[in-house]
Amino acid sequence: MSYLRVPPVLEGESDPGRIARHVFGDREWRRRAASVLVDLGGAWQAVHYLLTGDAWDGRQPEADVVCGGRLLTEDGTDELGMDVIYLAPDRVKPAADHLAATPFADVAARFDPAAMHAAGVQDAAALDAAARDEVLAPAYRALTGFFRAAADEGQAVYKVMIAS
C-alpha cells in the first residue's frame, strides 16, 4: 500500500475520483510524487492491526490511517490497475492527531503474530520481533510524519494498492 498527499483541489478539479484518475492514470505517478509519498508495501495490514486490534475494521480515527476512507475505484480498478481509497482532509487531521498522540510502543503491545495470523492479517505467520522493530516501527514513524504533513497542509490522502 502506498500513500500520497494531494491538495483537495488539483488543477481546478475537486472531485476525488477525477483527481485519482488524473494522478494515478499517469504511469510516472510514483516518480512525480516521490516527495509526498509513503510506501508500506505488504506491512499495511499488520500496521492496521496494531492500530485497531482488527485485520480490517476499527473505530475512527485510528482505522482511517490504513483501511478507512472511500473506495474510489469500485468500477475503475481495471482502468487504473489499482484500488484507490480517498481520505478527506477533515478525516486526515484526526488520524494525524491520533498517530502523534500514540507512541509506537503503545500499539506494539498488540504485536502477537499468532493472534494476528488467526485474525487473518496478511503474512502474519512470518512476523517476528525483528519485523516489529525493523519494519513496523519505521512504517509507523513514516505514517506519523506523513499524516502530520498532510494535516498541516490541509491535504487529502490517497491510498493505493496495485491490483493483483
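This section reports on the structure supplied with the text.

## Examining the overall build of the chain
From N to C terminus, the chain includes eight helices and five strands. Of the regular secondary structure in the chain, the N- to C-terminal order runs β-α-α-β-α-β-α-β-α-α-α-α-β. For 164 residues, the compact-globule estimate of 2.2 N^0.38 gives 15 Å, and the C-alpha radius of gyration of the chain, at 15 Å, lies within 12% of that figure. Overall, the chain is about 45 × 35 × 25 Å in size when its C-alpha atoms are taken along their principal axes.

## With respect to the packing of aromatic side chains
In total, this model carries eight aromatic pairs according to the counting rule given. Considering the side-chain rings of Tyr 3 and Phe 146, the 5.8 Å spacing of their centres and the 70 degrees angle between planes classify their relative orientation as edge-to-face. Of this pair, Tyr 3 sits in strand 1 (residues 2-6) while Phe 146 sits in helix 8 (residues 129-152); the two residues are 143 residues apart in sequence, bridging distant segments of the chain. Aromatic pair Phe 24 and Trp 29: ring centres 4.8 Å apart, planes at 85 degrees, arrangement edge-to-face. This pair shows no difference in class: Phe 24 is buried, exactly as Trp 29 is. Ring pairs connect the aromatic residues Phe 24, Trp 29, Tyr 86 and Tyr 158, which therefore count as one cluster.

## Comments concerning the sheet that holds strand 3 (residues 70-71)
Strand order in the open sheet formed by five strands is 2-1-5-4-3, and the pairing between neighbours is antiparallel. Every interior strand has two partners, whereas the edge strands, strand 2 (37-39) and strand 3, have only one. For strand 4 (residues 82-87) and strand 5 (residues 156-162), the ladder comprises six bridges, and the chain directions are antiparallel. When the sheet's bridge partners are listed, Tyr 86 is paired in strand 5 with Tyr 158.

## So, the environment of Gly 12
Mapped onto the elements of the fold, Gly 12 is located in the loop between strand 1 and helix 1 (16-24). What makes Gly 12 exposed here is its relative accessible area of 73%. Sequence spacing of Gly 12 and His 98 is 86 residues, and the spatial spacing of their C-alpha atoms is 31 Å.

## A short note on the environment of Arg 5
The residue Arg 5 is located in strand 1 in this model. Accessibility expressed as a relative area gives 11% for Arg 5, which makes it buried. Sequence separation between Arg 5 and Leu 87 is 82 residues, and the spatial gap between their C-alpha atoms is 9.8 Å. When neighbours within four sequence positions are excluded, Arg 5 is seen to be in contact with Ser 35, Val 36, Phe 146, Ala 149, Ala 150, Glu 153, Gln 155 and Ala 156. At 2.7 Å, the side chain of Arg 5 and the side chain of Gln 155 are in polar contact.

## Overview of helix 1
Taken together, the buried positions of helix 1 are occupied by Pro 16, Gly 17, Ile 19, Ala 20, Val 23 and Phe 24. Down the axis of helix 1, the sector holding all buried residues measures 160 degrees, keeping them to one side.

## Details of the packing of helix 3 (residues 44-52) against helix 8
Where helix 3 meets helix 8, the closest approach of the two axes is 10 Å, and the angle between their N-to-C directions is 75 degrees. Considering the angle they form, helix 3 stands roughly perpendicular to helix 8. Judged by residue contacts, Ala 46, Val 47, Leu 50 and Leu 51 of helix 3 engage Leu 136, Ala 139, Tyr 140 and Leu 143 from helix 8. Here the residues of the contact of helix 3 with helix 8 are counted per class, giving eight nonpolar, no polar and no charged.

## Details of the pattern of salt bridges
For the structure shown, the criterion picks out eleven salt bridges. Between Arg 148 and Asp 152 there is a salt bridge whose closest N-O contact spans 3.2 Å. Residue Arg 148 and its partner Asp 152 are located together in helix 8, separated by four residues, close to a single helical turn. Since its relative accessible area comes to 25%, Arg 148 is described here as partly exposed. Overlapping salt bridges, with partners in common, bring together Lys 93, Asp 97, Arg 148 and Asp 152 in one network.

Quick notes on the rules
- Residues numbered from 1 in each chain as written.
- Predicted model: local features only at pLDDT ≥ 70, side-chain atom pairs only at ≥ 80, totals over all residues.
- Heavy atoms only, no water.
- Helix = DSSP H or I, 4+ residues; strand = E, 2+ residues; numbered from the N terminus.
- Rg over C-alpha atoms; globule rule 2.2 N^0.38 Å.
- Phe/Tyr/Trp six-rings, centres within 6.5 Å; stacked < 30°, edge-to-face > 60°.
- Buried < 20%, exposed > 50% of the residue type's maximum accessible area, 1.4 Å probe, protein only.
- Pairing = 2+ DSSP bridges.
- Contact = heavy atoms within 4.5 Å.
- Polar contact = N/O pair within 3.5 Å; in protein donor to acceptor, adjacent residues only side chain to side chain.
- Arc of directions from axis to C-beta.
- Axes fitted to C-alpha atoms, helices over the stretch in contact; angles between N-to-C directions.
- Parallel < 35°, antiparallel > 145°, perpendicular 65-115°, else oblique.
- Nonpolar A, V, L, I, M, F, W, Y, C, P; charged D, E, K, R; others polar.
- Salt bridge = Lys/Arg side-chain N within 4 Å of Asp/Glu carboxyl O.

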